[in-house]
Amino acid sequence: MHPERALVPRIGIGGPVGSGKTALVAALCRTLAGTTAIGVVTNDIYTTEDADFLRRAGVLPDERIRAVQTGACPHTAIRDDISANLDAVEALEADHPGLDLILVESGGDNLTATFSYGLVHRQIFVIDVAGGDKVPRKGGPGVTRSDLLVINKTDLAPLVGADLSVMARDAAAVRDGRPVLFTSLVTDPGAAEVAAWVRGAVPA
Amino acid sequence: MNALLLLLLDSRAPAGAQHHSGAMEAAVMAGLVTDLTGVENFCRTRLRTSARVAAAFAAAACYGAERPGFSALAAELDAEFEARTPSEATRTASRQLGGGLIRLARSVLKGADLDLGAAPHHPLALGAVVSRAGGGPELAARAAALAACAGPASAAVRLLGLDPFAVHAMLARLAPGIDECAADAARCAGQPPAALPADGAPALDLLPDYHLTAEVRLFAS
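This text gives an overview of the structure that appears in the document. Treat the numbers as computed from the prediction; the structure is a model and nothing was measured.

Analysis parameters
Residue indices begin from 1 for each chain and proceed along its sequence in written order. To read the labels, note that chains go from A and ligands from 1, taken in the order they are written. Only residues with pLDDT of at least 70 get local features here, since the model is predicted, and only at 80 or more are side-chain atom pairs given and counted; chain-wide, interface and lining totals rely on the full set of residues. Helix and strand definitions here come from DSSP, where helices need a minimum of 4 consecutive H or I residues and strands a minimum of 2 consecutive E residues; each element is numbered from the N-terminal end. Only C-alpha atoms enter the radius of gyration, while the globule expectation follows 2.2 Å times N to the 0.38, with N the number of residues. Here the C-beta atoms are placed from the backbone, and a residue counts as buried if at least 20 other C-beta atoms lie within 10 Å of its own, exposed if 12 or fewer do, and partly exposed otherwise. Whether two residues are in contact is decided by their C-beta atoms, placed from the backbone, lying within 7 Å. Defined on buried residues, the nonpolar core groups Ala, Val, Leu, Ile, Met, Phe, Trp, Tyr and Cys residues joined through C-beta atoms within 7 Å. Here, any two strands with at least 2 DSSP bridges between them count as paired. Classes in brief: Ala, Val, Leu, Ile, Met, Phe, Trp, Tyr, Cys and Pro nonpolar; Asp, Glu, Lys and Arg charged; the others, Gly included, polar.

Time to look at the overall build of chain A. Looking only at helices and strands, chain A has 9 helices and 7 strands in total. Over its C-alpha trace chain A gives a radius of gyration of 16 Å, about what one expects of a compact globule, namely 17 Å for 204 residues. A principal-axis box enclosing the C-alpha atoms of chain A has dimensions of 45 × 35 × 35 Å. Each of the 204 residues in chain A was classed as buried or not, and the buried ones make up 47%. For chain A, the proportion of contacts with a sequence separation of at least 24, taken over those separated by at least 6, is 78%.

Have a look at this one:
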């Protein structure tokens, strides 16, 4: 079902490999589970470790997770041909009629991979400081057009020589006022600010 | 072929095809396909077996969709196709592909009632969509047979790092066989569903269920 006619709000979470998408999903589940019934669609290489990771968050039962195999084309599955992801979202909606929110996690891809708004209502793009503080300047549609840009792993910034002020300045320059949040799931395991943004994006 | 048919049958059409390898990933995992020759042998096996069945059912559905009483015929074709598809994983994949095409058709062919439900087997969906877009049984069969070869071949490019030009040249060598398969299938159109071909290959029936046991897989089937 196209988002315009969909009942359950859907938020896409995309970004490069290893930037912390699955960890952010787990953090959001941990923080929001008390008030929000969440379902999750994962894309691409989804191992039992990933499932364990979400299960250990203690708030997401297996039956509320659906895995999509993208045929080695993670960007196609969230943007150009969203049919398999729509199937997964609709199956979650049909099996769990009380859901308040569905998170669609993309496979790890590159800076050009963004979600179609035929699949999600809002999208978060996750990069991390260890990928280099030049990433916001490189831009790409994930950095420039996502509804929320999350710059993760700020606790690593001193170790990798990343200048957070440079990242903040460059991101602000290309995002036309759209929000940017810095996170460290080590110091803030609940991703409080991102969770607050998600709450604001989901109608009460 | 009109532009609408070309559009619907284009591999870029958003119908979910790239999620499926037609058992190629399982064959690669099992070490049965390692190079271009292996891919060609795999495709030729499909062309003699599952592609022949898919083509016949697509032709039969296309023929029936142009005529009254298609709902009843579609139910019969569905049951006969199930009986010819012993792998549960293949049956699931076929319905996912059929459902993807129906989802696309509902957006593109406004008002078209395809009489097939939300997730029919792929050859039935293909036959009905081709009919509604102005094509005939032989074209539906050709599209089914081509997809049965081109899908796994494209997956092999991604899984084995093969030269895509060499793979397309290999598919072109299969083209006369694909046309022949389609012409045979078109002659089945209008026959009772139980009389349609029932060719199969044990490996193609076993690999898809083996595939589902892998912890890491890139393709849905």
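That shown, we press on.
Below, the discussion takes up the nonpolar core. Residue and element names in this part refer to chain B. Counting 132 residues, the largest nonpolar core has Ala55, Ala58, Ala59 and Ala145 as the members making the most contacts within it. In terms of residue count, the dominant contributor to this core is helix α8 (residues 137–160) (15 residues). Setting aside residues no more than four positions away along its own chain, Ala59 makes contact with Gly127, Pro137, Glu138, Ala140, Ala141, Ala185, Ala186, Cys188 and Ala189.

What follows covers the pairing of strand β1 (residues 10–14) of chain A. Residues and elements named next belong to chain A. In terms of residue burial, β1 counts as a mostly covered element, since 5 of its 5 residues are buried. Residues of β1 alternate between two faces, with Arg10, Gly12 and Gly14 on one and Ile11 and Ile13 on the opposite face, all of them buried. Two strands pair when backbone bridges link them, and β1 and strand β5 (residues 122–128) are joined in this way by 4 bridges, in the parallel orientation. Paired with Ile11 across the bridge in β5 is Arg122.

Before going further, it helps to examine the interface of chain B and chain A. Tallying the contact residues gives 19 residues for chain B and 16 residues for chain A. Mapped by element, the contributors of at least two residues to the side of chain B that touches chain A are α6 (88–108) and α8 of chain B. With 4 residues, α6 of chain B is the single largest residue contributor to the side of chain B that touches chain A. Here the side of chain B that touches chain A is composed, by residue class, of 7 nonpolar, 8 polar and 4 charged.

These values are about where atoms sit, not about what they do.
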